[in-house]
Amino acid sequence: MRPDTPADHTTEAERLLRTAAQYPEDHEPLLLQAAAHLELAGDRERASTLYDRLLAADPEHPFLIKALQAANLWEYGHEAEARALIAGIRASAPADAAPWEIIAETLESHDELEASHDSFTTAVTLLLPAGEDEVPYATQSLLTGRHRVRRLLGLPHDEWDGLADTGHTAHTADISLDELHDPKRLWALGSDNPAELQAEIALLRSELGSYRSALSRPFPVAVLHWPKPELNELLAAYPELESEYPTHRAHLTDIEASLRDLSSTGTENLGIVTATVPSYEAFAASEQSAPSNADLLPQYATVLAARGRAAAWPPAKGAACWCGSGAAYRDCHGGASQG
(Lines give C-alpha, C1' and ligand atoms only; values in the text may rest on other atoms or scores of the structure.)
Protein backbone atom coordinates (compact mmCIF):
# COMPACT_ATOMS: atom_id res chain seq x y z
CA MET A 1 0.00 0.00 0.00
CA ARG A 2 1.32 3.44 -0.90
CA PRO A 3 1.85 5.95 1.93
CA ASP A 4 -1.29 8.01 2.42
CA THR A 5 -0.92 10.07 5.61
CA PRO A 6 1.93 12.23 6.97
CA ALA A 7 2.76 9.46 9.43
CA ASP A 8 2.92 6.91 6.60
CA HIS A 9 5.30 9.14 4.67
CA THR A 10 7.52 9.59 7.72
CA THR A 11 7.62 5.82 8.24
CA GLU A 12 8.56 5.26 4.60
CA ALA A 13 11.28 7.93 4.85
CA GLU A 14 12.76 6.18 7.89
CA ARG A 15 12.75 2.86 6.02
CA LEU A 16 14.57 4.42 3.08
CA LEU A 17 17.15 6.00 5.39
CA ARG A 18 17.86 2.60 6.94
CA THR A 19 18.19 1.07 3.49
CA ALA A 20 20.59 3.82 2.42
CA ALA A 21 22.77 3.02 5.43
CA GLN A 22 22.85 -0.64 4.36
CA TYR A 23 23.61 0.12 0.71
CA PRO A 24 25.89 3.19 0.62
CA GLU A 25 26.55 2.73 -3.10
CA ASP A 26 22.87 3.58 -3.70
CA HIS A 27 22.54 6.30 -1.07
CA GLU A 28 21.79 9.13 -3.51
CA PRO A 29 18.52 7.81 -5.06
CA LEU A 30 17.42 6.39 -1.71
CA LEU A 31 18.00 9.68 0.14
CA LEU A 32 16.20 11.59 -2.61
CA GLN A 33 13.18 9.33 -2.17
CA ALA A 34 13.37 9.76 1.60
CA ALA A 35 13.48 13.56 1.24
CA ALA A 36 10.42 13.46 -1.03
CA HIS A 37 8.48 11.50 1.60
CA LEU A 38 9.55 13.96 4.29
CA GLU A 39 8.24 16.82 2.17
CA LEU A 40 4.92 15.01 1.79
CA ALA A 41 4.87 14.50 5.55
CA GLY A 42 5.27 18.26 6.03
CA ASP A 43 8.77 17.90 7.52
CA ARG A 44 10.40 20.25 5.03
CA GLU A 45 13.22 21.30 7.33
CA ARG A 46 14.39 17.71 7.72
CA ALA A 47 14.07 17.19 3.97
CA SER A 48 16.27 20.24 3.48
CA THR A 49 18.88 18.67 5.77
CA LEU A 50 18.92 15.57 3.56
CA TYR A 51 19.40 17.67 0.42
CA ASP A 52 22.31 19.48 2.10
CA ARG A 53 23.79 16.13 3.11
CA LEU A 54 23.63 14.92 -0.47
CA LEU A 55 25.18 18.10 -1.86
CA ALA A 56 28.08 17.81 0.58
CA ALA A 57 28.87 14.29 -0.66
CA ASP A 58 29.82 15.12 -4.28
CA PRO A 59 26.57 13.73 -5.75
CA GLU A 60 26.09 12.26 -9.20
CA HIS A 61 23.19 14.65 -9.96
CA PRO A 62 23.99 17.93 -8.17
CA PHE A 63 21.70 20.14 -10.25
CA LEU A 64 18.71 17.88 -9.65
CA ILE A 65 19.34 18.01 -5.89
CA LYS A 66 19.79 21.79 -5.95
CA ALA A 67 16.52 22.19 -7.85
CA LEU A 68 14.65 20.00 -5.36
CA GLN A 69 16.23 21.91 -2.49
CA ALA A 70 15.18 25.23 -4.04
CA ALA A 71 11.58 24.06 -4.45
CA ASN A 72 11.52 22.78 -0.87
CA LEU A 73 13.11 25.90 0.64
CA TRP A 74 10.67 28.24 -1.08
CA GLU A 75 7.74 26.26 0.29
CA TYR A 76 8.73 26.85 3.89
CA GLY A 77 9.72 30.48 3.79
CA HIS A 78 13.32 30.59 2.52
CA GLU A 79 12.59 32.41 -0.73
CA ALA A 80 15.94 34.22 -0.97
CA GLU A 81 17.94 30.98 -0.68
CA ALA A 82 15.64 29.31 -3.20
CA ARG A 83 16.08 32.13 -5.69
CA ALA A 84 19.86 31.96 -5.31
CA LEU A 85 19.85 28.24 -6.05
CA ILE A 86 17.60 28.71 -9.06
CA ALA A 87 19.83 31.49 -10.41
CA GLY A 88 22.87 29.23 -10.04
CA ILE A 89 21.18 26.36 -11.89
CA ARG A 90 20.11 28.63 -14.75
CA ALA A 91 23.63 30.05 -15.03
CA SER A 92 25.15 26.54 -15.12
CA ALA A 93 22.75 25.39 -17.89
CA PRO A 94 22.64 21.68 -17.01
CA ALA A 95 22.19 19.27 -19.92
CA ASP A 96 19.42 17.39 -18.12
CA ALA A 97 15.70 18.10 -18.28
CA ALA A 98 14.75 17.34 -14.67
CA PRO A 99 16.42 20.33 -12.92
CA TRP A 100 15.00 22.72 -15.50
CA GLU A 101 11.48 21.35 -15.10
CA ILE A 102 11.63 21.57 -11.31
CA ILE A 103 12.84 25.18 -11.18
CA ALA A 104 10.44 26.30 -13.91
CA GLU A 105 7.47 24.71 -12.11
CA THR A 106 8.64 26.20 -8.81
CA LEU A 107 8.65 29.66 -10.35
CA GLU A 108 5.26 29.00 -11.94
CA SER A 109 3.73 27.86 -8.64
CA HIS A 110 4.80 31.15 -7.06
CA ASP A 111 3.32 33.25 -9.89
CA GLU A 112 6.71 34.08 -11.39
CA LEU A 113 5.33 33.32 -14.85
CA GLU A 114 7.81 35.35 -16.91
CA ALA A 115 10.77 33.73 -15.16
CA SER A 116 9.14 30.32 -15.47
CA HIS A 117 8.60 30.81 -19.20
CA ASP A 118 12.21 31.94 -19.60
CA SER A 119 13.46 28.83 -17.78
CA PHE A 120 11.29 26.47 -19.84
CA THR A 121 12.36 28.18 -23.07
CA THR A 122 16.06 28.16 -22.17
CA ALA A 123 15.84 24.46 -21.33
CA VAL A 124 14.07 23.54 -24.55
CA THR A 125 16.55 25.59 -26.59
CA LEU A 126 19.42 23.77 -24.89
CA LEU A 127 18.00 20.25 -24.98
CA LEU A 128 16.06 20.26 -28.23
CA PRO A 129 18.27 21.75 -30.97
CA ALA A 130 16.62 23.08 -34.11
CA GLY A 131 15.92 20.45 -36.73
CA GLU A 132 15.36 17.55 -34.32
CA ASP A 133 12.61 15.27 -35.65
CA GLU A 134 11.96 13.35 -32.43
CA VAL A 135 11.34 14.77 -28.97
CA PRO A 136 13.12 12.80 -26.20
CA TYR A 137 10.87 11.51 -23.43
CA ALA A 138 12.29 13.87 -20.79
CA THR A 139 12.04 16.93 -23.05
CA GLN A 140 8.34 16.36 -23.79
CA SER A 141 7.42 17.42 -20.26
CA LEU A 142 9.39 20.65 -20.74
CA LEU A 143 7.39 21.41 -23.87
CA THR A 144 4.14 20.67 -22.02
CA GLY A 145 5.08 22.90 -19.10
CA ARG A 146 6.14 25.69 -21.43
CA HIS A 147 2.82 25.41 -23.29
CA ARG A 148 0.92 25.71 -20.00
CA VAL A 149 2.80 28.84 -18.91
CA ARG A 150 2.41 30.45 -22.33
CA ARG A 151 -1.35 29.94 -22.09
CA LEU A 152 -1.34 31.62 -18.68
CA LEU A 153 0.63 34.52 -20.16
CA GLY A 154 -1.73 34.77 -23.15
CA LEU A 155 1.05 34.20 -25.69
CA PRO A 156 0.30 32.86 -29.20
CA HIS A 157 1.28 29.38 -30.29
CA ASP A 158 4.76 28.89 -31.69
CA GLU A 159 6.53 25.89 -33.25
CA TRP A 160 7.40 24.33 -29.88
CA ASP A 161 3.78 24.63 -28.75
CA GLY A 162 2.90 22.63 -31.85
CA LEU A 163 5.38 19.93 -30.82
CA ALA A 164 3.84 19.88 -27.34
CA ASP A 165 0.39 19.41 -28.86
CA THR A 166 1.64 16.58 -31.06
CA GLY A 167 3.21 14.74 -28.15
CA HIS A 168 0.11 15.19 -26.00
CA THR A 169 -2.25 14.01 -28.75
CA ALA A 170 -0.27 10.79 -29.10
CA HIS A 171 -1.30 9.90 -25.54
CA THR A 172 -4.62 11.70 -25.03
CA ALA A 173 -6.46 12.22 -28.27
CA ASP A 174 -9.77 13.39 -26.77
CA ILE A 175 -8.77 16.71 -25.17
CA SER A 176 -6.21 19.15 -26.51
CA LEU A 177 -3.51 20.86 -24.48
CA ASP A 178 -5.19 24.19 -25.18
CA GLU A 179 -8.27 22.97 -23.32
CA LEU A 180 -6.28 21.47 -20.44
CA HIS A 181 -4.21 24.63 -20.06
CA ASP A 182 -7.06 27.13 -20.51
CA PRO A 183 -6.87 29.67 -17.62
CA LYS A 184 -10.66 30.00 -17.69
CA ARG A 185 -10.97 26.40 -16.46
CA LEU A 186 -10.62 27.66 -12.90
CA TRP A 187 -13.75 29.75 -13.26
CA ALA A 188 -15.83 26.65 -13.96
CA LEU A 189 -15.06 25.30 -10.51
CA GLY A 190 -17.39 27.89 -8.98
CA SER A 191 -20.17 27.40 -11.51
CA ASP A 192 -23.68 26.18 -10.68
CA ASN A 193 -24.16 24.97 -14.25
CA PRO A 194 -24.11 21.13 -14.32
CA ALA A 195 -22.93 21.09 -17.94
CA GLU A 196 -19.93 23.27 -17.13
CA LEU A 197 -19.06 21.15 -14.10
CA GLN A 198 -19.37 17.95 -16.13
CA ALA A 199 -17.05 19.39 -18.78
CA GLU A 200 -14.50 20.27 -16.09
CA ILE A 201 -14.71 16.75 -14.63
CA ALA A 202 -13.96 15.33 -18.09
CA LEU A 203 -10.92 17.58 -18.40
CA LEU A 204 -9.66 16.63 -14.94
CA ARG A 205 -10.09 12.93 -15.70
CA SER A 206 -8.06 13.33 -18.87
CA GLU A 207 -5.31 15.18 -17.01
CA LEU A 208 -5.33 12.58 -14.24
CA GLY A 209 -5.03 9.85 -16.85
CA SER A 210 -1.87 11.48 -18.21
CA TYR A 211 -0.36 11.69 -14.72
CA ARG A 212 -1.23 8.07 -13.99
CA SER A 213 0.36 6.99 -17.26
CA ALA A 214 3.59 8.72 -16.25
CA LEU A 215 3.51 7.39 -12.69
CA SER A 216 2.89 3.83 -13.83
CA ARG A 217 6.45 3.75 -15.16
CA PRO A 218 8.53 6.03 -12.92
CA PHE A 219 11.79 4.34 -13.94
CA PRO A 220 13.16 3.76 -17.42
CA VAL A 221 12.45 0.52 -19.24
CA ALA A 222 16.04 -0.65 -18.98
CA VAL A 223 18.23 -3.10 -20.86
CA LEU A 224 21.26 -4.67 -19.19
CA HIS A 225 24.74 -3.86 -20.52
CA TRP A 226 27.81 -5.88 -19.54
CA PRO A 227 31.15 -4.18 -20.36
CA LYS A 228 33.55 -6.66 -21.91
CA PRO A 229 35.75 -7.27 -18.80
CA GLU A 230 32.64 -7.79 -16.65
CA LEU A 231 31.07 -10.14 -19.18
CA ASN A 232 34.28 -12.20 -19.40
CA GLU A 233 34.32 -12.48 -15.61
CA LEU A 234 30.63 -13.39 -15.51
CA LEU A 235 30.94 -16.17 -18.07
CA ALA A 236 34.11 -17.54 -16.48
CA ALA A 237 32.28 -17.87 -13.17
CA TYR A 238 28.89 -18.92 -14.57
CA PRO A 239 29.32 -20.65 -17.95
CA GLU A 240 25.63 -21.56 -17.87
CA LEU A 241 24.95 -18.00 -19.04
CA GLU A 242 26.89 -18.40 -22.30
CA SER A 243 23.64 -19.12 -24.13
CA GLU A 244 22.49 -15.62 -23.15
CA TYR A 245 25.75 -13.99 -24.22
CA PRO A 246 27.48 -15.96 -26.99
CA THR A 247 29.95 -13.11 -27.65
CA HIS A 248 30.37 -9.56 -26.41
CA ARG A 249 29.81 -8.19 -29.91
CA ALA A 250 26.51 -10.08 -30.15
CA HIS A 251 25.55 -8.76 -26.72
CA LEU A 252 26.03 -5.14 -27.84
CA THR A 253 24.10 -5.75 -31.05
CA ASP A 254 21.23 -7.32 -29.10
CA ILE A 255 21.04 -4.28 -26.78
CA GLU A 256 20.65 -1.82 -29.63
CA ALA A 257 18.19 -4.07 -31.47
CA SER A 258 16.05 -4.57 -28.35
CA LEU A 259 15.88 -0.85 -27.66
CA ARG A 260 14.93 -0.02 -31.23
CA ASP A 261 12.22 -2.69 -31.17
CA LEU A 262 10.80 -1.23 -27.95
CA SER A 263 10.94 2.28 -29.39
CA SER A 264 9.17 1.20 -32.58
CA THR A 265 6.24 -0.11 -30.54
CA GLY A 266 5.82 3.25 -28.80
CA THR A 267 7.61 2.43 -25.55
CA GLU A 268 9.08 5.60 -24.03
CA ASN A 269 11.62 6.37 -21.30
CA LEU A 270 14.10 3.75 -22.45
CA GLY A 271 17.44 3.30 -20.74
CA ILE A 272 20.58 1.19 -20.35
CA VAL A 273 21.98 -0.01 -17.03
CA THR A 274 25.58 -1.12 -16.66
CA ALA A 275 26.11 -4.40 -14.80
CA THR A 276 28.98 -5.57 -12.63
CA VAL A 277 29.62 -9.08 -11.37
CA PRO A 278 29.82 -8.21 -7.64
CA SER A 279 26.58 -6.23 -7.84
CA TYR A 280 24.85 -9.04 -9.73
CA GLU A 281 26.05 -11.66 -7.24
CA ALA A 282 24.77 -9.54 -4.36
CA PHE A 283 21.41 -9.22 -6.09
CA ALA A 284 21.22 -12.98 -6.67
CA ALA A 285 21.98 -13.57 -2.99
CA SER A 286 19.21 -11.16 -1.99
CA GLU A 287 16.83 -13.16 -4.18
CA GLN A 288 18.08 -16.43 -2.66
CA SER A 289 18.96 -17.70 -6.11
CA ALA A 290 22.10 -18.74 -7.99
CA PRO A 291 23.72 -16.13 -10.28
CA SER A 292 23.63 -18.75 -13.04
CA ASN A 293 19.82 -18.40 -13.14
CA ALA A 294 19.18 -16.44 -16.35
CA ASP A 295 15.71 -15.42 -15.13
CA LEU A 296 17.43 -13.04 -12.69
CA LEU A 297 18.96 -10.91 -15.45
CA PRO A 298 15.88 -8.80 -16.37
CA GLN A 299 14.98 -8.46 -12.68
CA TYR A 300 18.49 -7.21 -11.96
CA ALA A 301 18.15 -4.64 -14.76
CA THR A 302 14.87 -3.40 -13.29
CA VAL A 303 16.37 -3.02 -9.82
CA LEU A 304 19.33 -1.04 -11.16
CA ALA A 305 16.95 1.25 -13.05
CA ALA A 306 14.84 1.76 -9.92
CA ARG A 307 17.99 2.83 -8.10
CA GLY A 308 18.60 5.58 -10.64
CA ARG A 309 21.37 3.74 -12.52
CA ALA A 310 19.87 3.96 -16.01
CA ALA A 311 21.35 6.13 -18.76
CA ALA A 312 18.75 7.41 -21.21
CA TRP A 313 18.58 5.86 -24.68
CA PRO A 314 19.18 7.06 -27.30
CA PRO A 315 22.05 9.27 -26.12
CA ALA A 316 21.74 13.02 -26.66
CA LYS A 317 22.76 14.41 -30.01
CA GLY A 318 26.56 14.38 -30.33
CA ALA A 319 27.01 12.29 -27.16
CA ALA A 320 29.31 9.29 -26.90
CA CYS A 321 27.90 5.84 -27.59
CA TRP A 322 26.50 3.92 -24.64
CA CYS A 323 28.79 0.94 -25.38
CA GLY A 324 31.90 2.68 -24.03
CA SER A 325 33.79 2.73 -27.31
CA GLY A 326 34.44 6.47 -27.00
CA ALA A 327 32.99 7.09 -30.46
CA ALA A 328 29.93 9.25 -31.00
CA TYR A 329 26.69 7.28 -30.86
CA ARG A 330 25.83 8.37 -34.41
CA ASP A 331 29.08 6.84 -35.67
CA CYS A 332 28.85 3.71 -33.54
CA HIS A 333 25.69 1.77 -32.65
CA GLY A 334 23.45 4.64 -33.69
CA GLY A 335 24.75 4.55 -37.26
CA ALA A 336 22.09 2.24 -38.64
CA SER A 337 19.26 4.26 -37.07
CA GLN A 338 20.58 7.50 -38.51
CA GLY A 339 20.54 6.40 -42.06
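Owing to the predicted nature of the structure, the values given are computational and were not obtained by experimental measurement.

Chemist: Can you help me understand the overall build of the protein in this one?
Modeler: Scanning the protein from N- to C-terminus turns up 17 helices and three strands. Expressed as a percentage of its 339 residues, the buried residues of the protein come to 37%. Across the protein, the fraction of contacts at a sequence separation of at least 24, relative to all contacts at a separation of at least 6, is 55%. Within the structure as shown, the protein displays about 18,500 Å² of accessible surface, and the carbon and sulfur contribution to it stands at 53%.

Chemist: What is the right way to look at the packing of helix H2 (residues 27-40) against helix H3 (residues 44-55) in this model?
Modeler: In a pair of packed helices, the angle between the axes and the distance between the axes together describe the arrangement. Running from N to C, H2 and H3 point in directions that differ by 165°, and their axes come no closer than 8 Å. With respect to H3, the element H2 is oriented roughly antiparallel. Regarding H2 and H3, the two cross each other, and that crossing is left-handed. Note on element contacts: H3 touches H2 through Arg44, Arg46, Ala47, Leu50, Tyr51, Arg53 and Leu54, opposite His27, Glu28, Leu31, Leu32, Ala34, Ala35, Ala36, Leu38 and Glu39.

Chemist: Hey, could you run me through unusual backbone geometry in this one?
Modeler: As a rule of thumb, non-glycine residues mostly have phi less than zero, and peptide bonds are mostly trans rather than cis. In this model, tryptophan 313 is joined to proline 314 through a cis peptide bond whose omega is -5°. For proline 314, the location among the structural elements is in the loop between strand E3 (311-312) and helix H17 (335-338). One non-glycine residue, alanine 93, adopts positive backbone phi at about 50°. Among the structural elements, alanine 93 can be located in the loop between helix H5 (79-92) and helix H6 (97-109). One non-glycine residue with positive phi stands out, namely glutamine 288, at about 55°. Here glutamine 288 is to be found in the loop between helix H15 (277-286) and helix H16 (296-306). Judged by relative accessible area, glutamine 288 falls into the exposed class, the value being 77%.

Chemist: What should I look at first to understand the side chain of aspartate 161 in this one?
Modeler: For aspartate 161, the location among the structural elements is in helix H9 (residues 159-169). Look at aspartate 161 and you get buried, because its relative accessible area is 1%. Not counting the four nearest positions on each side in its chain, aspartate 161 is found in contact with Arg146, His147, Arg150 and Pro156.

Chemist: I tried to follow the nonpolar core on my own but got confused; where do I start?
Modeler: Soluble globular proteins tend to bury their nonpolar side chains together. Residues Leu50 and Leu142 are the most contacted members of the largest nonpolar core, which totals 41 residues. If you tally residues by element for this core, the top one is helix H4 (residues 62-75), at seven residues. Not counting residues up to four positions away in its chain, the partners in contact with leucine 50 are Leu17, Leu31, Ala34, Ala35 and Leu38. Within the second largest apolar cluster, 20 residues are counted, among which are Leu224, Ala275, Leu304 and Ala305.

Chemist: So what exactly am I meant to see when it comes to the sheet that holds strand E1 (residues 221-225) here?
Modeler: Each strand in a sheet pairs with another by means of backbone hydrogen bonds, the pair being arranged parallel or else antiparallel. The strand order across the open sheet formed by three strands is E1-E2-E3, and the pairing between neighbours is mixed. Looking at the sheet topology across the chains shown, the edges are occupied by E1 and E3. Alignment of strand E2 (residues 270-274) against E3, held across two bridges, turns out to be antiparallel. In the strand pairing of E3, isoleucine 272 is matched with alanine 311. Lying over the sheet, H16 contacts E1 and E2, oriented at roughly 115° with respect to E1.

Chemist: Which parts of the structure should I look at to understand the packing of aromatic side chains?
Modeler: The relation between two aromatic rings is expressed through the spacing of the ring centres and the mutual angle of the planes. According to the stated counting rule, one finds five aromatic pairs in the structure shown. Measuring from ring centre to ring centre gives 5.8 Å for tryptophan 226 and tyrosine 280, while their planes differ by 90°; the resulting arrangement is edge-to-face. Placement of the pair is tryptophan 226 in the loop between E1 and helix H13 (228-237) and tyrosine 280 in helix H15, with a sequence separation of 54 residues. Take tyrosine 280: its relative accessible area is 0%, and that puts it in the buried class. Centre to centre, the rings of tyrosine 280 and tyrosine 300 are 5.2 Å apart; their planes meet at 55°, and the pair counts as tilted. Of this pair, tyrosine 280 sits in helix H15 while tyrosine 300 is found in helix H16, placing the two residues 20 residues apart along the sequence.

Chemist: Can you walk me through helix H14 (residues 248-264) in this structure?
Modeler: Residues separated by three or four positions in an α-helix point in the same direction, a consequence of the helix having 3.6 residues per turn. Spanning 17 residues, H14 covers 25 Å between terminal C-alpha atoms, matching the ideal 24 Å at 1.5 Å per step. Among the residues of H14, His248, His251, Leu252, Ile255, Glu256 and Leu259 are the ones counted as buried. Buried residues of H14 fall within an arc of 130° about the axis and therefore sit on the same side. Facing away from the buried side of H14 by over 90 degrees, the exposed positions are Arg249 and Ser264. Positioned one or two residues after H14, glycine 266 has a phi angle of 95°, which is positive.

Scoring rules and cut-offs
- Residues numbered from 1 in each chain as written.
- Predicted model: local features only at pLDDT ≥ 70, side-chain atom pairs only at ≥ 80, totals over all residues.
- Heavy atoms only, no water.
- Helix = DSSP H or I, 4+ residues; strand = E, 2+ residues; numbered from the N terminus.
- Buried < 20%, exposed > 50% of the residue type's maximum accessible area, 1.4 Å probe, protein only.
- Contact = heavy atoms within 4.5 Å.
- Areas by Shrake-Rupley, 256 points an atom, 1.4 Å probe, with all protein chains shown as cover.
- Axes fitted to C-alpha atoms, helices over the stretch in contact; angles between N-to-C directions.
- Parallel < 35°, antiparallel > 145°, perpendicular 65-115°, else oblique.
- Left-handed = near helix turned anticlockwise from the far one by under 90°.
- Core = buried A, V, L, I, M, F, W, Y, C linked by side-chain atoms within 4.5 Å.
- Pairing = 2+ DSSP bridges.
- Phe/Tyr/Trp six-rings, centres within 6.5 Å; stacked < 30°, edge-to-face > 60°.
- Expected span 1.5 Å × (residues − 1).
- Arc of directions from axis to C-beta.

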